[in-house]
Amino acid sequence: MLNDTINILSLESYREQIETIELVKEKNHLVYLIKQKRQNIACPTCGFMESHIHSYMRKKIVHSIHNDMSCHLLITYHRYRCKHCKQVYSEPVMLAKRYETISQYTRMNVLDDLRVSTNTFTFIGSKHNISAQTVINLFDEYVEPRRLKLSVVICMDEFYLGKRSKLKYACVLLDFVSGAIIEVFDTRHKHKLIDQLLRIPITERMAVQYVIIDMWDSYRAVIHKCFPNAKIAVDSFHVIWHLNRAMNDIRIRVMNRYKKNSSSLIHNDIYYYMLKKYYFFLVVDYDRLAKEYVIPKLKTTYTKDNLLYYLLSIDKELRAAFELKEIYRDFNKTADQYTTLEDLEDLIQKFRKSSSEEMKKVGKMLHNWQAEILNSFTKVEGKRLSNSKIENKNSQIKTIMKTANGYKDFYRLRNRILFSLNKNTSIKGK
Ligand SMILES: [Zn+2]
């Protein structure tokens, strides 16, 4: 009977210390009364082995062994009086260290639950019948993941820390090949970031060959300074994003020329209506469009070919901008490591000659980043350099921040990110 209870409670390794166990059931709550065996321990003051029993003490330890019911152990332990020097002292209590009130079993389960990025501190607390603050304390005490070693190819990006945060942005470094998060910094500010990165040993920094970034000028300066051998590649999705934004601005400008009455749809010119409703034709990949579109206002159905033709026939500038955008998209899809700066420069000239200010601006941007754009056609382990992995992690980071209603303590956030999003992050002291 005693052994069965010991097994149920996963206390096998404490078998020798247990005298008796008694179960008391309260409403939705289990209490196990455990008596410890008398222990033979030396007096901490004089080392004498013989003692009288002075008194009994009780300690409550949370031990969430059952899924559906909260549970704690009430452990009765001895206090002894030394026969030699009369000193009174306690025996160690099983399951938890002196100031702890949670069993190691529960603690390990809490830490395991903290590995799941969607679990909030509050949720884990209620699951194990401890307060959210206790979960936070456990986390702070046991979780402090180390920075990973810098990889040969690094993705670099930032995320917004929220309105309530004193710090505005954090910067993430990620291993392009493994997808693991290397480190999270509390700034994206040039000088502060350089300061922190320069603390990493130079041999490690020298080994970095590529860093992938969005088109953010500060990062370019940071990388030149901190990773002297690294080439910079800009994330091509980011270039396309800028291109699409320019395209969209042009569409809106053109569209508004045809706007006659903003308050009622029926008086609007049909061009305005079409450019507004089918805006995505100008920015989405052609392959991703449906085959046909029913157009209720025209009481007809267009194939996607016809609809695109219709939209582009509305305005010359719009058509020219669209064609330019498509030339770049093709270039982005087909270029490779043999593509030269001259090829890209030809393309940039076309943007500079564009009649749209928005496209001229894109041309300037392309020129400013031409070396980094060219580098982005490099493949590592068969994959083109990009920041797609970090974008994915950033959405998980957002979940962590949301479930915690924002982290006031940046270091705790950093630890939770590394602990929950990287695999096999070790626990302190293990
Ligand atoms: Zn003594």
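Residues numbered from 1 in each chain as written. Predicted model: local features only at pLDDT ≥ 70, side-chain atom pairs only at ≥ 80, totals over all residues. Heavy atoms only, no water.

## Some details on the pattern of salt bridges
- Applying the stated rule across the entire model yields 21 salt bridges.
- The salt bridge partner of E372 is R220, with a shortest N-O separation of 3.1 Å. Taken together, the residues span a long stretch of sequence, with E372 in helix α14 (residues 370-375) and R220 in helix α7 (residues 217-226) at a distance of 152 residues.
- Given the relative accessible area of 9%, E372 is considered buried.
- Classification of R220 as buried rests on a relative accessible area of 13%.
- R329 is the salt-bridge partner of D285, the closest N and O atoms lying 2.4 Å from each other. Residue D285 is found in the loop between α9 (270-277) and β11 (292-295), and its partner R329 is found in helix α11 (residues 316-334); the two are separated by 44 residues along the sequence.
- On the accessibility criterion, R329 (9% relative accessible area) is buried.
- Through salt bridges with shared partners, a single network forms among R253, R257, D315, E317 and E358. (Salt bridge = Lys/Arg side-chain N within 4 Å of Asp/Glu carboxyl O. Helix = DSSP H or I, 4+ residues; strand = E, 2+ residues; numbered from the N terminus. Buried < 20%, exposed > 50% of the residue type's maximum accessible area, 1.4 Å probe, protein only.)

## Quick notes on the nonpolar core
- One finds M156, Y328 and M359 to be the most contacted residues of the largest nonpolar core, which totals 69 residues.
- Counting residues per element, this core draws most heavily on helix α8 (residues 236-257), at 8 residues.
- In terms of domain composition, this core takes at least three residues from each of domain 2 (153-235 + 390-421) and domain 3 (236-375).
- Contacts of Y328, omitting those with residues within four sequence positions, involve V239, I240, L243, L344, L347, F351, L366 and I373.
- Counting residues in hydrophobic clusters, the runner-up holds 24 residues, among them L161, V172, F176 and F410. (Core = buried A, V, L, I, M, F, W, Y, C linked by side-chain atoms within 4.5 Å. Domains from an automatic or database assignment. Contact = heavy atoms within 4.5 Å.)

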